Amino acid sequence: GAVVSQHPSWVICKSGTSVKIECRSLDFQATTMFWYRQFPKQSLMLMATSNEGSKATYEQGVEKDKFLINHASLTLSTLTVTSAHPEDSSFYICSARIPGSGVDTQYFGPGTRLTVL
Amino acid sequence: AQSVTQLGSHVSVSEGALVLLRCNYSSSVPPYLFWYVQYPNQGLQLLLKYTSAATLVKGINGFEAEFKKSETSFHLTKPSAHMSDAAEYFCAVSDPGAGTASKLTFGTGTRLQVTL
């Protein structure tokens, strides 16, 4: 149980284009999902908290207009990197929390590696 | 604000030797603590978690961790390392009092290398 998937697993795009990454909870409904960014050999940095049916909460320093987050259903959150640039190249990981679990445990997706040329 | 410090960005042990990965936390309230493992180009997998119950927590793959409030530590151990344990390990902390607004704060990670 508690499986989270991401699609695509990797993507290469040209500078200036937009890329959408999907995060799905496969066997549970997730009212809250999280988006992280991980640079090579570094830790995970929380970008935003995605709440179903409402606007995402972004961490300080994360551009809301550049990283668009939509959580339209209880099993899907999307991250769109708009007008991507080479510095946006990174490993993006989502996670989901099981609602009402009583314990603050996040289940992580396998990640999406974005390369912007 | 909460934080975790992982001492040693890189740890190397021989196969069969004891694994000890260190994690110290800083929190104004009793925290929840987690250890995650990440294999190359993959997401994170939960190894174990401390949620204010037993201070010695047993996880998957033979790992365990002990919450020591007096030392503000949550070190991860495994009695005998296996080659398959080679990965990146992250310690994380969250504030249980924050409810659904709670967020995970990760340490910088420790890369475990297992040699023959």
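Before going into details, it helps to say that this report is about the structure given with it. Worth saying up front: this structure is predicted, and the values here are computed from it rather than measured.

Scoring rules and cut-offs
- Residue numbers restart at each chain and count upward from 1, following the sequence in its written direction.
- Lettering of chains starts at A and numbering of ligands starts at 1, both following the order in which they are written.
- Confidence filtering applies because this is a predicted model: local features only for residues at pLDDT of at least 70, side-chain atom pairs given and counted only at 80 or more, and all residues used for totals across whole chains, interfaces and linings.
- Side-chain numbers come from the whole structure's heavy atoms, not from hydrogens or water.
- Working definition: helices are DSSP H or I runs of at least four residues, strands are E runs of at least two. Numbering for both runs from the N terminus.
- Residues count as neighbours in contact if any of their non-hydrogen atoms are within 4.5 Å of one another.
- Reported accessibility uses the Shrake-Rupley method at a 1.4 Å probe radius. Residues are deemed covered only where the shown protein chains occlude them.
- For the purpose of charge, His is not counted, nor are the chain termini; Lys and Arg are scored as positive and Asp and Glu as negative.
- Note that the charge is assigned to NZ on lysines, CZ on arginines, CG on aspartates and CD on glutamates.
- In plain terms, two cysteine sulfur atoms within 2.5 Å form what is called a disulfide here.
- Classification of residues uses two cut-offs on accessible area relative to the type maximum, computed with a 1.4 Å probe and protein chains only: under 20% is buried, over 50% is exposed, and between them is partly exposed.
- Buried area: the sum, over both parts, of the accessible surface (1.4 Å probe) that disappears when the two are put together.
- Throughout this description, the term salt bridge denotes a Lys or Arg side-chain nitrogen within 4 Å of a carboxyl oxygen of Asp or Glu.
- In the cavity and pocket records, a cavity denotes points on a 1 Å grid over the protein atoms alone where a 1.4 Å probe fits but cannot get out, a pocket denotes an open set with protein on both sides within 12 Å along at least 5 of 7 lines, and lining residues are residues with an atom within 4 Å of a point.
- Grid points are joined across faces, edges and corners, and a volume is the space filled by probe spheres set on the points.
- In this count, Pro and Cys sit with the nonpolar residues alongside Ala, Val, Leu, Ile, Met, Phe, Trp and Tyr, while Asp, Glu, Lys and Arg are called charged and the others, Gly among them, polar.

Some points on the overall build of chain A
- Secondary structure summary: chain A contains 0 helices and 11 strands in total.
- Ordered by position in the sequence, the α and β elements of chain A form the string β-β-β-β-β-β-β-β-β-β-β.
- A principal-axis box enclosing the C-alpha atoms of chain A has dimensions of 40 × 25 × 20 Å.
- Here the contacts in chain A between residues at least 6 apart in sequence split such that 55% fall between residues at least 24 apart.
- Surface accessibility of chain A: about 5,600 Å² in total, with carbon and sulfur atoms responsible for 54%.
- Mean positive and mean negative side-chain charge positions of chain A (10 and 9 charges, respectively) differ by 5 Å.

Examining the environment of Thr115 of chain A
- Position of Thr115 of chain A relative to the elements: it lies in strand E11 (residues 112-116).
- It is 9.5 Å that separates the C-alpha atoms of Thr115 of chain A and Ser15 of chain A, two residues lying 100 residues apart in sequence.

Topic: the state of the cysteines
- A full pass over the atoms with the stated rule returns 2 disulfides over all chains.
- The disulfide partner of Cys23 of chain A is Cys94 of chain A, and the gap between their sulfur atoms is 2.0 Å. Because the sign of the S-S torsion sets the handedness, a value of about 80 degrees for the bond joining Cys23 of chain A and Cys94 of chain A places this disulfide among the right-handed ones. In this pair, Cys23 of chain A sits in strand E3 (residues 19-25) while Cys94 of chain A sits in strand E9 (residues 90-97), placing the two residues 71 residues apart along the sequence. For the pair Cys23 of chain A and Cys94 of chain A, one class covers both residues: buried.
- Put simply, Cys23 of chain B and Cys91 of chain B are joined by a disulfide, and their sulfur atoms are 2.0 Å apart. Its S-S torsion of approximately -65 degrees makes the covalent link between Cys23 of chain B and Cys91 of chain B left-handed. Taken together, the positions of Cys23 of chain B in the loop between strand E3 (19-21) and strand E4 (24-26) and Cys91 of chain B in strand E10 (residues 87-94) put the pair 68 residues apart, joining distant regions of the chain. Taken individually, Cys23 of chain B and Cys91 of chain B each receive the classification buried, so the pair is uniform in this respect.
- Cys13 of chain A takes part in no disulfide bond, and the closest cysteine sulfur to it belongs to Cys94 of chain A, at a distance of 18 Å.

Re the interface of chain B and chain A
- Of the residues lining the interface, 21 residues belong to chain B; the matching set on chain A comes to 22 residues.
- Interface area for chain B against chain A, summed over the two sides, is near 1,600 Å², with a carbon-plus-sulfur share of 53%.
- If you sort the residues of chain B by the area they bury against chain A, Leu44, Lys103 and Phe106 of chain B come out on top, with a joint share of 26%.
- For the pair chain B and chain A, the interface holds 1 salt bridge.
- With a shortest N-O distance of 3.1 Å, Glu59 of chain A and Lys103 of chain B are connected by a salt bridge.
- Going through the elements one at a time, strand E5 (32-38), strand E6 (44-50) and E10 of chain B are the ones with two or more residues in the side of chain B that touches chain A.

Thoughts on the layout of surface pockets
- Approximately 270 Å³ is the volume attributed to the second largest pocket.
- Residue lining of the second largest pocket: 14 residues in total, with Gln38, Lys41 and Arg113 of chain A together with Gln38 and Arg111 of chain B positioned closest to the centre.
- Taken together, the residues that form the lining of the second largest pocket break down as 6 nonpolar, 4 polar and 4 charged.

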